[in-house]
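# Topology and contacts: notes
Okay, here's what each chain looks like letter by letter:
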Amino acid sequence: MRKPFIAGNWKMNTDALGGAALAKGIAAATKGIAGESVDVAFFPPFVYLQSVVAAVSSSLIGIGGQDIYFEQKGAFTGEISAAMLKDVGCAYALCGHSERRHVIGESDELINKKVLASISGGLLPVLCVGELIEERKAEKTNEVVERQIRKGLKDVSAEKMEAVTIAYEPVWAIGTGLTATPEQAQEVHVFIRGILAKMYDKNLANSVRIQYGGSANAGNAAVLMSQKDIDGLLVGGASLKVDDFVAMIKAAAV
Ligand code: PEP
């Protein structure tokens, strides 16, 4: 039985007061649900992590970094380590979000180092994978997703996979209002589980949570969550509105 997991990626949005208010509003409205029947996480900008951790301190909502660097410390200007994220109260780290892959130019190899550093640093990585629109049109979705999963999880042992969540986020659906149909998403989630079964085994594949991300909102959350292999949602835009995100958490709770 996989517990639903709804996460909000705030990207480069909010400010100190607005972020804390957003976090508090969602925490208050999901008391008794968040962290109980549904795992909930927020990924605020680094500079607001501490204030958001404080804002949700009386709830069971987890906080994570939108990115992480794989080295432990030293001369890596602008980077943030697993130990730093832990130090300010984070439980999670996003690894390989499509904007990091395609805007910043992160490679599968770098993302794999981030996954490994998250795990060894005691954080729970959310490994994001997904194809570009031209890759989908060229029927390369499976090939791309398989490469991202295999390379992203290189050297992650079966025991360590307990820490990992995978987010399938077709790049063409992120921030575009073009959600994958529940059937399209379900098909790729099943494919991902098949890769995990080949890399590890069937039991492990059935235990890993796979989120869908890409223009998920309050209106489509329930139908996406009703798919057998969709275990949660990674949400961008709709996670910035208390009512919308609360509705999505509640949709996952039923
Ligand atoms: C995301 O940032 O991971 C995302 C899915 O964004 P949106 O929900 O806005 O498409």
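Attention in this report is confined to the structure presented alongside it. (Residues numbered from 1 in each chain as written. Predicted model: local features only at pLDDT ≥ 70, side-chain atom pairs only at ≥ 80, totals over all residues. Heavy atoms only, no water.)

Attention now moves to the overall build of the protein chain. When helices and strands are counted, the protein chain shows eleven helices and eight strands. The globule rule puts the C-alpha radius of gyration for 254 residues at 18 Å, and the 17 Å found for the protein chain is close to it. Overall, the protein chain is about 45 × 45 × 35 Å in size when its C-alpha atoms are taken along their principal axes. Within the protein chain, buried positions represent 53% of all 254 residues. Accessible surface, the protein chain as shown: approximately 11300 Å² in total, 54% of it carbon and sulfur. Side chains of the protein chain give 26 positive and 28 negative charges; the mean places of these two sets differ by 2 Å. (Helix = DSSP H or I, 4+ residues; strand = E, 2+ residues; numbered from the N terminus. Rg over C-alpha atoms; globule rule 2.2 N^0.38 Å. Buried < 20%, exposed > 50% of the residue type's maximum accessible area, 1.4 Å probe, protein only. Areas by Shrake-Rupley, 256 points an atom, 1.4 Å probe, with all protein chains shown as cover. Lys, Arg positive; Asp, Glu negative; His and termini not counted. Charge placed at Lys NZ, Arg CZ, Asp CG, Glu CD.)

Another point: the site of the ligand. Of all residues adjacent to the ligand, which total 14 residues, the nearest are Lys-11, Glu-169, Gly-175, Ser-215 and Gly-236. Between an oxygen atom of the ligand and a side-chain N or O atom of His-97, the distance comes to 2.8 Å. Within the contact set of the ligand, an oxygen atom lies 2.9 Å away from a backbone nitrogen or oxygen of Gly-237. The fraction of the free accessible surface of the ligand (290 Å²) that becomes covered by protein chains is 95%. Split into classes, the residues belonging to the shell around the ligand amount to four nonpolar, eight polar and two charged. (Near = heavy atom within 4 Å. Polar contact = N/O pair within 3.5 Å; in protein donor to acceptor, adjacent residues only side chain to side chain. Nonpolar A, V, L, I, M, F, W, Y, C, P; charged D, E, K, R; others polar.)

The next point concerns the nonpolar core. Counting residues in each nonpolar core, the largest one holds 68 residues, and the members touching the most others are Phe-42, Leu-153, Ile-166, Ile-192, Leu-196, Tyr-212 and Leu-233. Broken down by element, this core gets its largest block of residues, six residues, from helix 11 (residues 242–253). Residues Phe-43, Leu-94, Val-126 and Ala-167 belong to the second largest nonpolar core, which totals ten residues. (Core = buried A, V, L, I, M, F, W, Y, C linked by side-chain atoms within 4.5 Å.)

As a further point, take helix 8 (residues 182–199). A rise of 1.5 Å per residue sets the reference length of helix 8, with its 18 residues, at 26 Å; its end C-alpha atoms lie 26 Å apart and thus fit the reference within 8%. Of all the positions in helix 8, only Pro-182, Ala-185, Gln-186, Val-188, His-189, Ile-192, Arg-193, Ile-195 and Leu-196 are classed as buried. (Expected span 1.5 Å × (residues − 1).)

So, about the packing of helix 5 (residues 108–120) against helix 7 (residues 141–152). Axis separation between helix 5 and helix 7 bottoms out at 8 Å; the angle between their running directions is 45°. Between helix 5 and helix 7, the angle falls in the class oblique. Relative to helix 7, helix 5 is oriented so that their crossing is right-handed. Residues Asp-108, Glu-109, Asn-112 and Val-115 of helix 5 pack against Arg-147, Gln-148, Lys-151 and Gly-152 of helix 7. Here the residues of the contact of helix 5 with helix 7 sort into one nonpolar, three polar and four charged. (Axes fitted to C-alpha atoms, helices over the stretch in contact; angles between N-to-C directions. Parallel < 35°, antiparallel > 145°, perpendicular 65-115°, else oblique. Left-handed = near helix turned anticlockwise from the far one by under 90°. Contact = heavy atoms within 4.5 Å.)

Any functional reading would require information that these geometric values do not contain.
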